[in-house]
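What the coordinates show
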Amino acid sequence: MIITLVKKQTGLEFISEMEDIYKSINELEKLFKRTNNMKMYVDLENWRYYKENPDETIETTESLVTNKLSLSDLDLIILNTIKHEKPRSIRDLANKINKDVSNIQPKVKKLEKEGFIKFEDGIKNSKIPYLTFDEIKLEI
C-alpha cells in the first residue's frame with residue numbers, strides 16, 4: 001500500500017517555514033556551502049523562487065510504503081478531528097470525540113510514529129496534536 005501525504009502552502013508560508021528552520025537565506029547559503037547537502041540546495045533554490053512568487057501555491061508530497069499499516073475508524077475520526085477542530089491537547093481531543101483519554105493516547109502515539117501527526121508543546125506540559133498535511137491519498 002502506498003500512502004501519500006499532501007501538504008499545500010503558499011510561497012509566503014514556505015518562506016516562513018524556512019526562516020523557522022534556517023533563520024535567514026544567508027544562513028542557509030553558508031550551511032549549504034559548508035555541507036553541500038542537496039536538501040539544503042533544494043530549499044535554497046525554492047526560497048529564492050518563492051521570494052519572487054510569494055502567492056504561488058506549493059504542493060509537496062511525502063509517500064509512505066507499507067504492508068503493515070491499518071487505519072481504524074477511530075484513527076480516521078482522530079485525524080479528521082485534529083484537522084477540523086484543532087484540539088489544544090490530547091485530553092481535549094478525547095473530549096471532542098467522547099472517548100477516554102487512556103484509549104486515545106496510544107492511538108495518537110501510533111499515528112505520530114506512522115508520520116500522520118506531530119506534536120508541539122502546549123501549556124502545562126500538554127502536547128498539541130497537528131497534521132503536517134492537507135490530504136491523504138491511498139493507493140492499493
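Source: prediction; values computed, not measured.

The next point concerns the environment of Glu13. By secondary structure assignment, the location of Glu13 is in helix 1 (residues 11-22). Classification of Glu13 as partly exposed rests on a relative accessible area of 43%. Residues Glu13 and Ser102 lie 89 residues apart in sequence; the distance between their C-alpha atoms is 35 Å.

So, about unusual backbone geometry. In the Ramachandran plot, Asn98 falls in the positive-phi region, its phi being about 55° despite a non-glycine side chain. Counting through the fold element by element, Asn98 comes out in the loop between helix 5 (90-96) and helix 6 (101-113). Take Asn98: its relative accessible area is 69%, and that puts it in the exposed class. Phi is positive for Asn125, close to 65°, though the residue is something other than glycine. Here Asn125 is to be found in the loop between strand 3 (117-121) and strand 4 (127-131). A relative accessible area of 77% places Asn125 in the exposed class.

To continue, consider helix 3 (residues 38-52). Between its first and last C-alpha, helix 3 extends 22 Å over 15 residues, near the 21 Å set by a 1.5 Å rise per residue. Taken residue by residue, helix 3 has Met40, Asp43, Leu44, Trp47 and Tyr50 as its buried positions. Projected down its long axis, helix 3 carries its buried residues within an arc of 140°, all on one side. When the buried face of helix 3 is taken as reference, the exposed residues oriented beyond 90 degrees from it are Met38 and Glu52. Buried residues in helix 3 make contact with helix 1, helix 2 (25-35) and strand 2 (57-65).

In this section: the packing of helix 4 (residues 73-85) against helix 6. It is the contact of helix 4 with helix 6, at a shortest axis distance of 11 Å, that shows an interaxial angle of 80°. Viewed along their axes, helix 4 and helix 6 adopt a mutual orientation that is roughly perpendicular. Across the interface between the two elements, Leu74, Asp75, Ile78 and Leu79 of helix 4 pack against Ile104, Lys107, Val108, Lys110 and Leu111 of helix 6.

What follows deals with the sheet that holds strand 2. The strand order across the open sheet formed by three strands is 2-1-5, and the pairing between neighbours is antiparallel. The open sheet has two free edges, formed respectively by strand 2 and strand 5 (135-139), since each of these has just one partner strand. Mean inter-strand twist for the sheet, computed between neighbouring axes without regard to direction, equals 25°. Where strand 1 (residues 2-10) meets strand 5, five bridges bridge the pair, whose relative direction is antiparallel. Paired with Ile2 across the two strands is Glu139, which belongs to strand 5.

Scoring rules and cut-offs
- Residues numbered from 1 in each chain as written.
- Predicted model: local features only at pLDDT ≥ 70, side-chain atom pairs only at ≥ 80, totals over all residues.
- Heavy atoms only, no water.
- Helix = DSSP H or I, 4+ residues; strand = E, 2+ residues; numbered from the N terminus.
- Buried < 20%, exposed > 50% of the residue type's maximum accessible area, 1.4 Å probe, protein only.
- Expected span 1.5 Å × (residues − 1).
- Arc of directions from axis to C-beta.
- Contact = heavy atoms within 4.5 Å.
- Axes fitted to C-alpha atoms, helices over the stretch in contact; angles between N-to-C directions.
- Parallel < 35°, antiparallel > 145°, perpendicular 65-115°, else oblique.
- Pairing = 2+ DSSP bridges.

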